[in-house]
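Working through the structure, step by step
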Amino acid sequence: MEKKKLSSDAHQWMYDRYIKDDPEAHTSLKEIKIQADLAGQIYGIRTRLHMTRGELAEFSSLTPEAIEDLEESDYDGDWDEAIKKVNTGFHDWFTNVILPAAGMKPEEYSVGITAG
């Protein structure tokens, strides 16, 4: 006996019942999907760059709470403006933190005993 994919059936039922014939709901669903994708991208890039939310907030001129809301698709502000700021924050972090660190010589990131 083949197992039924309940979540797919449930999603289809909900779509048919609440969204299918409602253009506003359909548009809202598209927006939610886009925001969820952006949220995942922000989190993924931030963690790959080893940034905290606070660091991204500092470099993007947003608050740590705004970064959290963006990563959870729960941001109430202007998403387009916030994404521009986040991209600026990533760029500035990469330019001012990652690149200088990548150019360091081993003696610049090694701890040694000083005479004293």
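Throughout what follows, the structure given in this document is the object of discussion. None of these values were measured; they are calculated from a predicted model.

**Some thoughts on the side chain of S60**
The topology assignment puts S60 in helix α3 (residues 53-60). Within the structure, the side chain of S60 is placed 2.7 Å from the backbone oxygen of L56, a separation counted as a polar contact.

**Looking at a negative patch on the surface**
A cluster of acidic residues, D16, D21, D22 and E24, forms a negative patch on the protein surface. Its place among the elements puts D22 in the loop between α1 (6-19) and α2 (23-48).

**Considerations on α2**
Here α2 contains 26 residues, and its C-alpha end-to-end distance of 38 Å stays within 8% of the 38 Å for a straight helix at 1.5 Å per residue. Residues of α2 that are buried: A25, Q35, A39, I42, G44 and R46. Of the residues flanking the start of α2, the one acting as N-cap is D22, its side-chain oxygen 3.1 Å from the backbone nitrogen of E24. Looking one or two places after α2, you find H50, whose phi comes out positive at around 55°.

**A look at the packing of α3 against helix α4 (residues 64-71)**
Axis angle and axis distance: for two packed helices, these are the angle between their axes and the distance between the axes, and together they describe the pair. Close contact between α3 and α4 brings their axes to 8 Å; oriented N to C, the two are set at 110°. Viewed along their axes, α3 and α4 adopt a mutual orientation that is roughly perpendicular. Note on element contacts: α4 touches α3 through P64, I67, E68 and E71, opposite R53, G54, L56, A57 and S60. Counted by class, the contact of α3 with α4 contains four nonpolar, two polar and three charged residues.

Scoring rules and cut-offs
- Residues numbered from 1 in each chain as written.
- Predicted model: local features only at pLDDT ≥ 70, side-chain atom pairs only at ≥ 80, totals over all residues.
- Heavy atoms only, no water.
- Helix = DSSP H or I, 4+ residues; strand = E, 2+ residues; numbered from the N terminus.
- Polar contact = N/O pair within 3.5 Å; in protein donor to acceptor, adjacent residues only side chain to side chain.
- Patch = residues over 30% accessible without salt bridge, like charges linked within 9 Å, V, L, I, M, F, W, Y side chains within 5 Å.
- Areas by Shrake-Rupley, 256 points an atom, 1.4 Å probe, with all protein chains shown as cover.
- Salt bridge = Lys/Arg side-chain N within 4 Å of Asp/Glu carboxyl O.
- Lys, Arg positive; Asp, Glu negative; His and termini not counted.
- Charge placed at Lys NZ, Arg CZ, Asp CG, Glu CD.
- Expected span 1.5 Å × (residues − 1).
- Buried < 20%, exposed > 50% of the residue type's maximum accessible area, 1.4 Å probe, protein only.
- Axes fitted to C-alpha atoms, helices over the stretch in contact; angles between N-to-C directions.
- Parallel < 35°, antiparallel > 145°, perpendicular 65-115°, else oblique.
- Contact = heavy atoms within 4.5 Å.
- Nonpolar A, V, L, I, M, F, W, Y, C, P; charged D, E, K, R; others polar.

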